[in-house]
Amino acid sequence: MSSRDVVLGRIRRALGPGPDDARDPYAAYGDAVPRDYLREHGARTEAGTVGLLAENLADYRALVHRTDAAGLAELLARLLAARGAGSVLVPPGLPPWWLEAADAVLVDDRAADTPQDLDRVDSVVTGCAVAIAETGTLVLDGSPDQGRRRITLVPDHHVCVVRVPGQVVASVPLALERLDPRRPLTWISGPSATSDIELDRVEGVHGPRTLEVVLVSGM
């Protein structure tokens, strides 16, 4: 037996029985795996679900703001000014009116940009695909108003706009129904952070140090 056979044998044992194996409890279902788990925890109103999202986002140390469509451009301008952002990275499909009041240089995302180029940008503003209330999670899927994954990982300040209630769901199972698994999904729960063995928290290690979430009604 070769080393290759040994390695492949270990992989097969780790993966467990395949769909053709009679020991597989789901083999008879084909692709229709039973999903009889809870789809969400408890019953909430629409407003209650949005409120839970805001609460869990804040618990993860994200800064949460609320506005309506009429006040969005002014709010974004104030958040960027408070941050001292002189430049803002803009996904290709971000609605132009969102940043029409911003006093900053708008930087288009370009394929030729290096991580060093992106690191020189002060802030990035994006939309999102869906927001999950029970986990306080934002999911980006690379749509035009969100751009490529890297533009939300390198700049130190990320402002994410969430349309409420339309983009808010209660739970992860409900979010998965809306998402295309073939797209580049980025799941964000608060600012980037890690802790060492002594539990000293450090933010901004592998993503934005500051995450601001704007919950916008009427869009």
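No experiment lies behind these values; they were computed from the predicted model shown. (Residues numbered from 1 in each chain as written. Predicted model: local features only at pLDDT ≥ 70, side-chain atom pairs only at ≥ 80, totals over all residues. Heavy atoms only, no water.)

### Regarding the packing of aromatic side chains
Right, on to step 1. Tallied over the entire structure, the rule returns one aromatic pair.
Right, on to step 2. Centre to centre, the rings of W97 and W98 are 6.4 Å apart; their planes meet at 85°, and the pair counts as edge-to-face.
Right, on to step 3. Note on W97: relative accessible area 35%, which makes it partly exposed.
Right, on to step 4. Here W98 falls in the buried class, since its relative accessible area comes to 0%. (Phe/Tyr/Trp six-rings, centres within 6.5 Å; stacked < 30°, edge-to-face > 60°. Buried < 20%, exposed > 50% of the residue type's maximum accessible area, 1.4 Å probe, protein only.)

### Looking at the nonpolar core
Right, on to step 1. Counting 19 residues, the largest nonpolar core has L53, L138, V162, V168, V213 and L215 as its most contacted members.
Right, on to step 2. Residue assignment for this core shows that the elements contributing at least two residues are α2 (46–59), β6 (137–140), β7 (157–164) and β12 (210–217).
Right, on to step 3. No other element matches α2, which puts five residues into this core.
Right, on to step 4. Excluding residues that lie within four positions of it along the chain, L53 makes contacts with A131, I132, A133, G136, V168 and L215. (Core = buried A, V, L, I, M, F, W, Y, C linked by side-chain atoms within 4.5 Å. Helix = DSSP H or I, 4+ residues; strand = E, 2+ residues; numbered from the N terminus. Contact = heavy atoms within 4.5 Å.)

### Some remarks on the sheet that holds strand β9 (residues 186–188)
Right, on to step 1. Reading across the sheet, the four strands line up as β8-β5-β6-β9 and stay open at both edges, with mixed pairing between neighbours. A strand with exactly one partner marks an edge of an open sheet, and here the two such strands are β8 (168–169) and β9.
Right, on to step 2. Across three bridges, strand β5 (residues 130–132) lies against β6 in antiparallel orientation. Looking at the pairing, V130 lines up with V139 of β6. (Pairing = 2+ DSSP bridges.)

### Quick look at the pairing of strand β2 (residues 87–90)
Right, on to step 1. Along β2, one buried face is formed by S87 and L89 and the opposite face, lined by V88 and V90, is buried too.
Right, on to step 2. Two elements, β2 and strand β4 (residues 123–126), share two bridges in a ladder whose sense is parallel. When the sheet's bridge partners are listed, L89 is paired in β4 with V124.

### Examining the sheet that holds β2
Right, on to step 1. Spatial ordering of the open sheet is given by β1-β12-β7-β4-β2-β3, a layout of six strands whose pairing is parallel. Two strands lie at the open edges of the sheet, namely β1 (63–68) and β3 (105–108), each paired on one side alone. Neighbour to neighbour, the strand axes of the sheet diverge by 25° on average, direction disregarded.
Right, on to step 2. Pairing geometry for β2 and β3, over four bridges, is parallel. Bridge assignment links L89 to a residue of β3, and that residue is V107.
Right, on to step 3. Packed on one face of the sheet, α2 meets β1, β7 and β12 and runs near 150° to β1. (Axes fitted to C-alpha atoms, helices over the stretch in contact; angles between N-to-C directions.)

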